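This is what each chain is made of:
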There are 2 protein chains.
Amino acid sequence: MEVLKGNVMFGQSGGPTAVINASAAGVFTEALKQEGIIDKVYGAAHGIVGILDEVFYDMSEEDERELEILKTTPSSALGSCRYKLEDIEEDDKDYRRILEVFKKYNIRYFFYNGGNDSMDTCNKVSKFLQKEGYECRVVGVPKTIDNDLAGTDHCPGYGSAAKYIATTVMEVFLDARVYDIGMVTVIEIMGRNAGWLAAAAALASYKGYGPELIYLPEVPFDLDEMMEDVQREFHRDRKVIVCVSEGVKTADGKYIPELVGELSTDAFGHKQMGGSATILAEYIQEKLNCKVRGIELSLMQRSAAHVASAVDVEEAFLSGQEAVRAAISGKSDIMIGLERPADGPYETKIKYVPLEEVANEEKCVPREWINKAGNHINQEFIDYALPLIQGNSEYVWEDGLPRFADLKKVRVNREDN
Amino acid sequence: MEVLKGNVMFGQSGGPTAVINASAAGVFTEALKQEGIIDKVYGAAHGIVGILDEVFYDMSEEDERELEILKTTPSSALGSCRYKLEDIEEDDKDYRRILEVFKKYNIRYFFYNGGNDSMDTCNKVSKFLQKEGYECRVVGVPKTIDNDLAGTDHCPGYGSAAKYIATTVMEVFLDARVYDIGMVTVIEIMGRNAGWLAAAAALASYKGYGPELIYLPEVPFDLDEMMEDVQREFHRDRKVIVCVSEGVKTADGKYIPELVGELSTDAFGHKQMGGSATILAEYIQEKLNCKVRGIELSLMQRSAAHVASAVDVEEAFLSGQEAVRAAISGKSDIMIGLERPADGPYETKIKYVPLEEVANEEKCVPREWINKAGNHINQEFIDYALPLIQGNSEYVWEDGLPRFADLKKVRVNREDN
């Protein structure tokens, strides 16, 4: 195989996770080792936007120690974006600009870390560069707490979010039981179309400290049925925990906040705003006349790296490393995927997935992993998810608080090139 | 000193914390050691309510290993209550009932773990038993995430909540900065009258990843001033994090949710419910027309023992132990207090505080620890709080998830006594 010499461009895209920086650390440390092949390693500010705007950093300027700490620093250290490239048939301006920048900086390796939309970007750029005959190896690095990427068993970011959700739900379970009164707690969990995150609450049930009811977007949501479920559970034990995916929607496609105003109950009549947890909590309060509490796990579920899964952090780092190794070995137009052995104990295995198989696909929780009533999760999911939350990733602690990576972010001067 | 032989009654009261069970573990393990002095060690179900109803557990039946795990199990393992004893001048029924139960079970040591209201209960029971000439040593064990107990430098429960808040705010700070757009994040933190918990967000600022603005109940809240602060910070950096205590109130005593409806803005006109974070976020959104997010740290801030402070867990355990030791040595009518050396490195020191000095007193953040503008926190607070969040308490982990204490809770049979 011919050795392709040149520079690396790396970008982070989409919503941040507890481990997206671990993948960045994997790409940077592996790429910086490739003496004689890779010269410069650039990190784009705010993903593809930084490439278009020619704003990126020279990662070789960073201290080794900080790149190590980057592995346990949550969020997106280089900045992210939600920029979508136009369809090339409609407008090829962005594509031409990317080619121009890549040529100017001799970018021969492009690594893009993100979810569905980002893999779509990656795929489009890859196909354009091929068509233009510009040799550049393009490898996607998977990332999403949503776990909805096709072509991979699971996604870096998911295990840590799942561990945070399960741990937090267990803690809230204990807290919600201290008073000798009836109480319903509604916990809202991220996930617009796929219910993987809300399903993680079932890990708490598996340990005996979990929700009685879990609703995912994979099953049409029915407010009356939910209310029946809650009433039944409440009369059984007077303590109910309901976990609900923010993405649940009715059979005719309405999200919970869209139900507000439509129903002429007192609870809904006077308010328009607030998340699903608040809305459902108030609705349940009106119907049951008991103490309720709505909790939204909000940004914490994707940023709480203090309780990240060690398996997840390692797999995120490895995905970054493997992206570089695959590209050096001649692979391109792929995303790094993860798979597990067909049987026997869990083990991380790497696979290569053609980008076009990933782009814009969305993997949902299989219906048969959800119980028949559509209000809880089956053992198949527990068996799937447990290996992904193993081990505790440790922060570097300083003064009793996290020590995050302190990057210099030395901006590459446009005039130098 | 005369040795007082008899049985122990212990109860947990008020809102749970990450470490209230550590104090219980301290009381139980120390009391169970006192052969020849203490015979039975009882744990009341739901605090004083369990005593009145004669529902309690024989703690000697518990496995030693489970009592050890209790030390790192959040929430209130025996159950809590918010029951307030009547003023004895009004109605002495409850007091007579307590005396009856104490006599029946030969209770000579009463330990009560809680905050202001609980120390009031403790004080009232203590004074009544004295008046009746029933010899029983009564010792309060401090507990509250609010940190508002008088007579002690700080309270077990606060350090862990402060560590959770500071860590979470640091993580949210990073998350809120990933996109290249303006954004205001409002984080609502517990604390009805005292701002200690919201002040803990300043620890994140101290590390360089914290809120630009912090509002405590100690300073009258002015919505217009807050809006000016937010606008100024927003125009400076386009990213603003605002931490607000749930207890902030206007000069005429109105809490934020009470402002809703009173102001005729669009944001407030159509809604009545939701916490301060949501309300302020929507108000700011209307004024600034930028992306906003309201986050409520909810029950997590008092139950997230996975990120508890090791200092706090040890002090909570020690407070329980010391309560037993003090009572055995003849002390009564006191609460265990914590103090620190006047100078030099931090060290945990125990003091005894007369119960009447604690009951119903509320200790607030000193005004001089808050900046002049009333929108951030001074270094004095940082110096005070840092020692309390040191070290990481570790869960026992099992299957990648917390392993909580599994108590048998062997109910004491009324007929046996």
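Worth saying up front: this structure is predicted, and the values here are computed from it rather than measured. (Residues numbered from 1 in each chain as written. Chains lettered and ligands numbered in written order. Predicted model: local features only at pLDDT ≥ 70, side-chain atom pairs only at ≥ 80, totals over all residues.)

### Overview of the overall build of chain A
Helix and strand counts for chain A stand at 16 helices and 13 strands. Compactness check: chain A gives a C-alpha radius of gyration of 23 Å against a globular reference of 22 Å for 417 residues, within 12% of the reference. Expressed as lengths along the three principal axes of its C-alpha atoms, the size of chain A is roughly 70 × 50 × 45 Å. Counting over 417 residues, chain A shows a buried share of 57%. Look at the contacts in chain A between residues 6 or more apart in sequence, and 76% of them connect residues 24 or more apart. (Helix = DSSP H or I, 4+ residues; strand = E, 2+ residues; numbered from the N terminus. Rg over C-alpha atoms; globule rule 2.2 N^0.38 Å. Buried ≥ 20, exposed ≤ 12 C-beta atoms within 10 Å, placed from the backbone. Contact = placed C-beta atoms within 7 Å.)

### Things to note about the nonpolar core
Ranked by size, the top nonpolar core spans 270 residues in total, and within it A:Ala201 and B:Ala201 carry the most contacts. In contact with A:Ala201, not counting residues within four places along its chain, are A:Ile165, A:Ala166, A:Val169, A:Ile189, A:Gly210, A:Pro211, A:Ile214 and A:Cys243. (Core = buried A, V, L, I, M, F, W, Y, C linked by C-beta atoms within 7 Å.)

### Considerations on the relation of the copies chain B and chain A
Rotating chain B by 180° and moving it 0.0 Å along the rotation axis overlays it on chain A with an RMSD of 0.0 Å. In symmetry terms, the pair is related by a two-fold rotation axis. Interface residue correspondence from chain B to chain A reaches 100%, placing this contact among same-surface, isologous pairings. (Least-squares fit on C-alpha atoms with pLDDT ≥ 70 in both.)

### Topic: the environment of B:Asn193
All names here are of chain B. On the secondary structure map, Asn 193 appears in the loop between β6 (183-189) and α7 (196-199). Of the residues examined, Asn 193 has 15 C-beta atoms within 10 Å and is grouped as partly exposed. For Asn 193 and Ser 80, which are 113 residues apart along the polypeptide, the C-alpha to C-alpha distance reads 21 Å. Once residues within four sequence positions are removed from consideration, Asn 193 is found in contact with Asp 148, Pro 217, Gly 247, Glu 362 and Cys 364.

### Some points on the sheet that holds strand β4 (residues 107-114) of chain B
All names here are of chain B. Read from one edge of the open sheet, 7 strands run β3-β2-β1-β4-β5-β10-β11, paired in mixed fashion. Edge strands, defined here as strands with exactly one partner in the open sheet, are β3 (56-58) and β11 (349-354). Between one strand and the next, the sheet's axes are offset by a mean angle of 25°, whatever the strand orientation. Lying on the sheet, helix α1 (residues 20-32) is in contact with β1 (6-12), β2 (38-44), β4 and β5 (137-142); it crosses β1 at an angle near 175°. The strands that helix α14 (residues 310-328) touches are β4, β5, β10 (334-339) and β11; relative to β5, the one it contacts most, it runs at about 170°. (Pairing = 2+ DSSP bridges. Axes fitted to C-alpha atoms, helices over the stretch in contact; angles between N-to-C directions.)

### Description of the interface of chain B and chain A
Counting from both sides, the interface comprises 53 residues of chain B and, opposite them, 53 residues of chain A. Here the side of chain B that touches chain A takes 9 residues from helix α6 (residues 158-175) of chain B, the largest share from any one element. Of the residues in the side of chain B that touches chain A, the class split is 25 nonpolar, 19 polar and 9 charged. (Nonpolar A, V, L, I, M, F, W, Y, C, P; charged D, E, K, R; others polar.)

### Considering α14(B)
Note on helix geometry: an α-helix contains 3.6 residues per turn, so any two residues three or four positions apart are oriented the same way. All names here are of chain B. Between its first and last C-alpha atoms α14 spans 27 Å; for 19 residues at 1.5 Å apiece the expected length is 27 Å, and the two agree. For α14, the buried fraction is high: 14 of the 19 residues fall into the buried class. A positive phi of about 105° marks Gly 330, the residue just after α14. (Expected span 1.5 Å × (residues − 1).)

Function cannot be inferred from these measures alone, as they are strictly geometric.
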